[in-house]
Amino acid sequence: MSAKDAQFTRMAERDRPRVRFVVDGRDCEALVGDTLLTALLTNGRRVRSSEFGDEPRAGFCLMGACQDCWVALEDGTRLRACTTFVAAGMRVVTQ
Amino acid sequence: MTERPPVIVGAGPAGIRAAATLAAAGLAPIVIDEAPRSGGQIYRRPPHGFARSYRTLYGFDAAKARRLHETFDGLARKIDYRPDTLVWDLRDGVMHCLSAGASREVAYRDIILAPGARDRIIPFPGWTLPGVYTLGGAQIALKAQGCAVGARVVFMGTGPLLYLVAYQYAKAGGGVAAVLDTTPFAAKRRALPGLLRGGRTFAKGLWYVARLRARGIVMASGIKAIAAQGEGAVSAFVYQDAAGSRKTIACDAIAFGYGLSSETQLADLAEIPFAFDSLQQQFLPQRDIAGRTPVRGVYVAGDGSGIAGADAAELAGERAALALLEDRGLAADGARVQTLERALRRISRFRAGLEAAFPFPVDVAAKIPDETVLCRCEGVTAGELRQSARDIDGGDINRAKAFSRCGMGRCQARTCGPSAAIVMAAALNVPLERAGRLRGQPPVKPIPLAVSHE
C-alpha cells in the first residue's frame, strides 16, 4: 500500500483554506475545519499502531466514545484525533 | 445566598430543550458539553466555515435541526454554556470538569444528565482493521466533515441508521458497495404492525430503502458477518447470505452497527440504581417518565436514559426540566406536562415495534469466535473472556473484567460492553441480567496526566 492511498474521500466542503502539517516526516495538506482524524485519513490509512502488536488502527466511532484514535505528536503530546482540529504545523507520528 | 444554577450535561436535543425550559422559567442553567458546538450527534453541526444547507445536512429533519439550533443560539445570554468541556467525575454534588487542559470543580444542587448514546456493535473477525467504522461514525464523517469513510463502503448490521446512512452516502455521490441487514426479512414483516404506529418515522425508512433499490445497490436481509479482510486495511467483506452461501464483496470501508447503546457512566457515578431493560437488553438508570431518578436532584433525559430517538429526547429534556422546576417549588405548566408524557408514551410504544424490527442479535454476540478481538482497547479475545468467565465460576462481569482486562481499557467498555456481557452470560449459562454490568469509573474518559487542577 503506498502512503498516498487515503481512507477517507472528500465529498463536499472542499472550498476551505488549506493547512500544512506533517505525518511521519511527510509534508501533508488538510483543510481548515478538518479534525486531525480527517486530516490523517485523507492522507493515508492509519492513525497509530495497536499496543498489542504492530497492526495499524484508524479510529472507529468518530464521536469521542471509543478512544481508538489517540495519536502522538513528535513532542509527545497525545491527542484524540476525532475531537481535535488539525492545526498548521502539527507534526504527527503514526508509526 | 444566591441559589446554585441547575446543571445540564449534554447539548443535544434533550439538553437543549431542558436548557430552553429552565431559561424560560427564569433560571440560568450551566450547560456543559464535550463537543465544540451544540446539537448532539443527530443534529450535529459542522465546524464554522462549512457551507452545506440544512436540507443537505439533515434531509427530512432539516426544519427540526434548524429549530433546535436556533433555540440554543437564542439562549446565549440566558445560560452559562461551556462547550469543549468533559465532565469526568461526579459525586455528592460536585462534578469535575476538564476544559483546555485544566480541571475545575463545579458544585451542583440539581443536574440533568443528557449524555446521549453511541453505536451498539458486535465485534467480528477483522473489525479492528483500518476502514471499519460504526454507522454513526460514517454519518459524522459525511455530515460534520464532508467526507465518506471510503470510496466503496459496505453498510452492515441493523437498525434505522443502517438505511439512513447508506442513503445519505448514495445521495452525496458516495460509493455504496452493499447494504446488508442482519435481521431476517420475516422478523421485519412480523414487526410491521408495531412499526406502522411510527407513522412518519416508518415512512422515512421505507423511502430510504426504495431510493437505495432504485439506484441498483446490492441489498440483502438475514446475512451473517464472517470477516473484514485486508492487509493493513480493509479490502473486502465476507458474509453468509440468507440462503447460507458465502459471499465476498470488495470494499475499502465497512460501516456497521446494531442500534444504539445509552451512555450511562455519569448516571452510574451519580449513584443512580440501574435496572435491566429487556427491550434494549442493557442496564439503564432507573427513572420515571419525567426523568426523575431515585437520587434526589439528579434527572436523566434523552438517549442516555434509554434509546428513544431525537424526537423523544426533545420531549424528555423538556419534561425533566419541568420536573426540576416542580422539585424546586417553582411553577410548571401542568397541561404541558400531560402533553409531554402522552407523547413520550406514544413514542415508547413505537420503540417496542422498532426493537422487534431491528432486534439486537444476541445470538450473534454470544457466538463471536474465540480468536476474535472483543476488547479493542486491551486486545482481549472473546475466547480469553470466556476462559476468565469459567475461571471465576459464577462471578459477575466485573470480576471477569479484572481477570481478563476486557472492558478495562480507555473506552471503559463503551465499545465492547454490550457484547462482552452477552459472551459472559452465554459462557456462564445465565440470563444476561444475571451476568451483572460493568461499572462506570472516574475518569469516565481518558484525561491527560498533566492536567492542572484549579
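The rules we used
- Per chain, residue numbering runs from 1 following the sequence as it is written.
- The lettering of chains begins at A and the numbering of ligands begins at 1, in the order of writing.
- The model is predicted, so local features are restricted to residues of pLDDT at least 70 and side-chain atom pairs to those at 80 or more, both for listing and for counting; the totals for chains, interfaces and linings are taken over all residues.
- Secondary structure follows DSSP: runs of H or I at least 4 residues long count as helices, runs of E at least 2 residues long count as strands, and numbering of each begins at the N terminus.
- Radius of gyration: over C-alpha atoms. The globule rule applied is 2.2 Å multiplied by the number of residues raised to the 0.38 power.
- The burial criterion counts other C-beta atoms lying within 10 Å of a residue's C-beta, which is placed from the backbone; the residue is buried at 20 or more, exposed at 12 or fewer, and partly exposed between these limits.
- Throughout, a pair of residues is in contact if the C-beta atoms placed from their backbones lie within 7 Å.
- Strand pairing requires that DSSP identify at least two bridges connecting the strands.
- Throughout, an axis means a line fitted to C-alpha atoms (over the contacting stretch in the case of helices), and angles, computed between N-to-C directions, take values from 0 to 180 degrees.
- Residue ranges assigned to each domain were obtained from an automatic or database domain assignment.
- Note that Gly is not counted as nonpolar here; it falls among the polar residues with everything else outside the nonpolar set of Ala, Val, Leu, Ile, Met, Phe, Trp, Tyr, Cys and Pro and the charged set of Asp, Glu, Lys and Arg.
- Convention used here: angles under 35 degrees read as roughly parallel, angles over 145 as roughly antiparallel, angles from 65 to 115 as roughly perpendicular, and any remaining angle as oblique.
- For any helix crossing, the convention is left-handed if the near helix is rotated counterclockwise from the far helix by under a right angle, and right-handed if that rotation is clockwise.
- Starting at the helix axis, one direction is taken to each C-beta atom, and the arc is that of these directions.
- One nonpolar core equals one set of buried Ala, Val, Leu, Ile, Met, Phe, Trp, Tyr and Cys residues connected by C-beta atoms within 7 Å.
- The pLDDT score gives, residue by residue, the confidence of the prediction method on a 0 to 100 scale.
- To estimate how far a helix should reach, multiply one less than its number of residues by 1.5 Å.

Per the secondary structure count, chain A includes one helix and eight strands. In chain A, the succession of helices and strands from N to C terminus is β-β-β-α-β-β-β-β-β. In summary, chain A has a C-alpha radius of gyration of 12 Å against a globular reference of 12 Å for 95 residues, a match within 12%. Expressed along its principal axes, the backbone C-alpha trace of chain A runs to roughly 40 × 30 × 25 Å. Here chain A, with 95 residues, has 45% of them falling under the buried criterion. Put simply, of all contacts in chain A between residues at least 6 apart along the chain, 47% involve residues at least 24 apart.

Residue and element names in this part refer to chain B. If you trace the five strands from one edge of the open sheet to the other, you get β3-β2-β1-β7-β21, paired in parallel fashion. Each of the sheet's edge strands pairs with one partner strand only, and the pair in question is β3 (80-82) and β21 (298-300). Each adjacent strand pair in this sheet contributes to an overall mean axis angle of 15°, direction not counted. Relative to strand β2 (residues 30-32), strand β1 (residues 7-9) is paired through three bridges, and the arrangement is parallel.

Moving on, we come to the environment of T38 of chain A. Relative to the elements of secondary structure, T38 of chain A occurs in helix α1 (residues 36-41). Judged by the 26 C-beta atoms lying within 10 Å of it, T38 of chain A falls in the buried class. Put simply, T38 of chain A and R16 of chain A are 22 residues apart on the chain and 14 Å apart in space, counted from C-alpha to C-alpha. Ignoring any residue separated from it by four or fewer positions in sequence, one finds T38 of chain A in contact with F8 of chain A together with Q145 and C147 of chain B.

Residue and element names in this part refer to chain B. The domain boundaries assigned to chain B delineate domain 1 (7-118 + 261-355), domain 2 (121-258) and domain 3 (362-435). For domain 1 and domain 3, the distance between their C-alpha centres works out to 30 Å. Taken together, the contact pairs six residues of domain 1 with six residues of domain 3. In the side of domain 1 that touches domain 3, the residues fall into one nonpolar, four polar and one charged.

Two numbers describe a pair of packed helices, the interaxial angle and the distance between the axes. All names here are of chain B. Two elements in contact, helix α12 (residues 382-392) and helix α14 (residues 417-428), have axes whose closest approach is 9 Å; the angle formed by their N-to-C orientations is 50°. Considering the angle they form, α12 stands oblique to α14. Read as a crossing pair, α12 and α14 show a hand that is right-handed. Of the residues in α14, those touching α12 at A382, L385, R386, A389 and R390 are A420, V423, M424, A427 and L428.

Along an α-helix, residues three or four apart share an orientation, since each turn contains 3.6 residues. Those residues of helix α13 (residues 397-404) of chain B not exposed but buried are I397, A400, K401 and S404 of chain B. For α13 of chain B, the angular spread of the buried residues around the axis is 105°, confining them to a single face.

Turning to the interface of chain A and chain B, a few remarks are in order. It is common to report an interface's size as the accessible area lost on association of the parts. If you look at the interface, chain A gives 32 residues, while chain B gives 40 residues. For the side of chain A that touches chain B, the elements supplying multiple residues, two or more each, are β1 (9-10) and β5 (56-57) of chain A. Class assignment of the residues belonging to the side of chain A that touches chain B gives a composition of 14 nonpolar, nine polar and nine charged.

The next point concerns the nonpolar core. Residue and element names in this part refer to chain B. Counting 102 residues, the largest nonpolar core has V153 and F155 as its most contacted members. Of all the elements, helix α5 (residues 160-171) adds the most residues to this core, at nine residues. V153 has contacts with A138, A148, Y169, G174, G175, V176, A177, C251, A253 and A255, leaving out every residue within four places of it along the chain. Of all hydrophobic cores here, the second largest spans 68 residues; its members include V7, I112, A290 and F358.

With that out of the way, let us pick up the confidence of the model for chain B. Predicted confidence across chain B gives a mean pLDDT of 92, with 97% of residues reaching 70 or more. Here the predicted complex carries an ipTM of 0.96, next to a pTM of 0.95.

Now for the packing of helix α1 (residues 13-24) of chain B against helix α9 (residues 309-327) of chain B. Residue and element names in this part refer to chain B. Packing of α1 against α9 leaves a shortest axis separation of 7 Å and a crossing angle of 35°. Like other packed secondary-structure pairs, α1 and α9 cross with a definite hand, here right-handed. Between α1 and α9, the residues in contact are P13, A14, G15, I16, R17, A18, T21 and L22 and A310, A313, E314, A316, G317, E318, A320, A321, L322 and L324, respectively. The residue inventory of the contact of α1 with α9, partitioned by class, reads twelve nonpolar, three polar and three charged.

Quick look at α9 of chain B now. Residue and element names in this part refer to chain B. Under the 1.5 Å per step criterion, the end-to-end length of α9 is 26 Å for 19 residues, consistent within 8% with the ideal 27 Å. Most of α9 sits inside the fold, with 16 of its 19 residues counted as buried. Downstream of α9 by a residue or two, G329 has a phi angle that is positive, lying close to 80°.

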